[in-house]
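# Architecture and fold: a report
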Amino acid sequence: RSLWIGLNDRQTEGTFRWANGAPITYTNWDANEPGGGVSENAVHIYGPLHGAPGKWNDISEFNIDLPPVPIH
């Protein structure tokens with residue numbers, strides 16, 4: 001299972017922001033991520049059965065079970 005971590009770049013492509021507006025002080029991107037372009041605005045964390053558990057990936061919020069991603 002992959003879970004949305006509250007990070008998104010809906011407002012400005014490539015500029016990731018936490019949903020609560022907090023500054024980004026740590027990242028844990030998987031290799032070659034973020035890399036989805038304009039269609040991948042939500043960031044999720046890979047679950048334990050993935051090849052890179054705990055790493056982050058940007059993904060379309062419409063392709064994963066996510067709540068609506070707030071814009072800050």
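I will try to describe carefully the structure that is included in this document. Please read all numbers here as calculations on a predicted model, not as lab measurements. (Residues numbered from 1 in each chain as written. Predicted model: local features only at pLDDT ≥ 70, side-chain atom pairs only at ≥ 80, totals over all residues. Heavy atoms only, no water.)

Scanning the protein from terminus to terminus reveals 0 helices and 4 strands. Counting helices and strands in the order they occur from the N terminus, the protein gives β-β-β-β. Buried residues in the protein amount to 38% of all 72 residues. The contacts of the protein with a sequence gap of at least 6 include a subset with a gap of at least 24, amounting to 53%. (Helix = DSSP H or I, 4+ residues; strand = E, 2+ residues; numbered from the N terminus. Buried < 20%, exposed > 50% of the residue type's maximum accessible area, 1.4 Å probe, protein only. Contact = heavy atoms within 4.5 Å.)

This next bit is on the pairing of strand β1 (residues 3-8). Pairing geometry for β1 and strand β3 (residues 42-45), over 4 bridges, is antiparallel. Each bridged residue has a counterpart across the sheet, and for leucine 7 the counterpart in β3 is valine 43. Two strands pair when backbone bridges link them, and β1 and strand β2 (residues 17-18) are joined in this way by 2 bridges, in the antiparallel orientation. By the bridge assignment for β2, asparagine 8 is matched with arginine 17. (Pairing = 2+ DSSP bridges.)

Attention now moves to the sheet that holds β2. Read from one edge to the other, the open sheet built from 4 strands follows the order β2-β1-β3-β4, with strand pairing classed as antiparallel. The sheet terminates laterally at β2 and β4 (56-59), the two strands that pair on one side only.

Looking now at the nonpolar core. Residues Leu7, Phe16, Trp18, Trp29, Val43 and Trp56 constitute the largest nonpolar core, which totals 6 residues. Every residue in contact with valine 43, bar those within four places of it in the chain, is listed here: Leu3, Trp4, Ile5, Gly6, Leu7, Phe16, Trp29, Trp56, Asn57 and Asp58. (Core = buried A, V, L, I, M, F, W, Y, C linked by side-chain atoms within 4.5 Å.)

The next point concerns the packing of aromatic side chains. Both the distance between ring centres and the angle between the ring planes are used here to describe each pair of aromatic rings. In the structure shown here, the tally under the stated rule is 4 aromatic pairs. With a centroid separation of 6.0 Å and an interplanar angle of 80 degrees, the aromatic rings of tyrosine 26 and tryptophan 56 are classed as edge-to-face. With a gap of 30 residues between them, tyrosine 26 in the loop between β2 and β3 and tryptophan 56 in strand β4 connect regions that are remote in the sequence. (Phe/Tyr/Trp six-rings, centres within 6.5 Å; stacked < 30°, edge-to-face > 60°.)

In this structure, proline 34 follows glutamate 33 across a cis peptide bond, with omega equal to -5 degrees. Here proline 34 lies in the loop between β2 and β3. A positive phi is found at asparagine 32, a non-glycine position, where the angle reads about 65 degrees. Along the polypeptide, asparagine 32 turns up in the loop between β2 and β3.

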